[in-house]
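# Geometric and topological summary
Each chain, written out:
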Amino acid sequence: MAALHLISRSPADSRALEQCLARAGEGDAVLLIEDGVYAAAEGSGSGEILRAATGRVMVYVLMPDLEARGLDIGSPCLRAAGANNSPPSPAPALHPVDYRGFVNLTASHRPVVSWF
Amino acid sequence: MGKKFLFILRRSPQQGARVRETLDMLLTVAAFDQPVMLLFLDDGVYQIKRGQSPESVGLPAVAPTFEALALYDVEAVLVERESLAERGLTESDLVIPAEAIARAEIAALVADQDVVVTG
């Protein structure tokens, strides 16, 4: 079973996301929660890190935490990043989940690893 | 048949009660005969660096805590080789013996666990 990695700190005050992705296994899931969702914001500097991980790991964003911070799924980092810039239907870089989706991820992955 | 536990320390010493609490959890799990491993990652490797003297600035000693690990049945004490190298450290700079493993081996180690606790 693949692991689920939880990132709860902003990239501005913690390198948790980057440090997690350096160790995450192929097929693992990464979920941005709490201040971790700031990695999805324009100008966070995490766009490249997230794009590089696309395809190797699945990256999810907890939407209630994103919306609570006034961010939305339309932020440039959240837009689809196509392999080799080839449309038409590139895999999205980040996948939105609600609380139900969060619970499903914890049920379908093991172990759960918190990075902060 | 117990669950397999991995405790990961990746913060520098003197982060308040965090490390103490993580170690308490580790020792409790070990006392219940569950298979336990401990991994030092990132700044966590500074926890077991030789030659610290936090007492001189009024902070609690950290390293002696880890020497007590030998009394408990901790299956393996691991340290990531890259985390040491990035900080100019080698295994000989550590107060306790730790087995160095490569960054590329971490994913498989994590995948093999039932429970991972980070502190």
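As shown above, the structure is provided for reference.
The paragraphs below set out a description of the structure included in this document. (Residues numbered from 1 in each chain as written. Chains lettered and ligands numbered in written order. Predicted model: local features only at pLDDT ≥ 70, side-chain atom pairs only at ≥ 80, totals over all residues. Heavy atoms only, no water.)

### Focus on the interface of chain B and chain A
How big an interface is tends to be expressed through the accessible area that disappears when the partners come together. Operational definition: The contact criterion used is simple: two residues touch if any of their non-hydrogen atoms lie within 4.5 Å. Buried area is understood as the total, over both parts, of accessible area removed when two parts are fitted together, assessed with a 1.4 Å probe. We define a salt bridge as a side-chain nitrogen of Lys or Arg found within 4 Å of a carboxyl oxygen belonging to Asp or Glu. For this analysis, a polar contact is any N or O atom pair within 3.5 Å, provided that within protein one partner can donate a hydrogen and the other can accept it, and provided that sequence-adjacent residues contribute only side-chain to side-chain pairs.
Facing 18 residues of chain B, the contacting portion of chain A comprises 15 residues. Summing both sides of the interface, chain B and chain A together bury roughly 1300 Å²; the carbon and sulfur share of this comes to 50%. Connecting chain B to chain A are three salt bridges. Across the chain B-chain A interface, the total number found is six residue pairs in polar contact (both at pLDDT 80 or more).

### Focus: the sheet that holds strand β3 (residues 58–62) of chain A
All names here are of chain A. Heads up, the condition is: Only strands joined by at least two bridges in the DSSP assignment are considered to pair. Per the convention used, a helix needs a DSSP run of H or I reaching at least four residues, while a strand needs a run of E reaching at least two, with both numbered from the N terminus. Axis geometry follows a simple rule: fit a line to the C-alpha atoms, using only the stretch in contact for helices, then measure angles between N-to-C directions, giving values from 0 to 180 degrees.
Read across the open sheet, the five strands follow the order β4-β3-β2-β1-β5; overall the sheet is parallel. The sheet is open, and its two edges are formed by β4 (95–97) and β5 (112–115), each paired on a single side. Averaged over all neighbouring strand pairs, the angle between strand axes comes to 25°, with direction disregarded. Here four bridges tie strand β1 (residues 4–7) to strand β2 (residues 29–32), and the two strands are oriented parallel to one another. The partner of H5 across the bridge, within β2, is V30.

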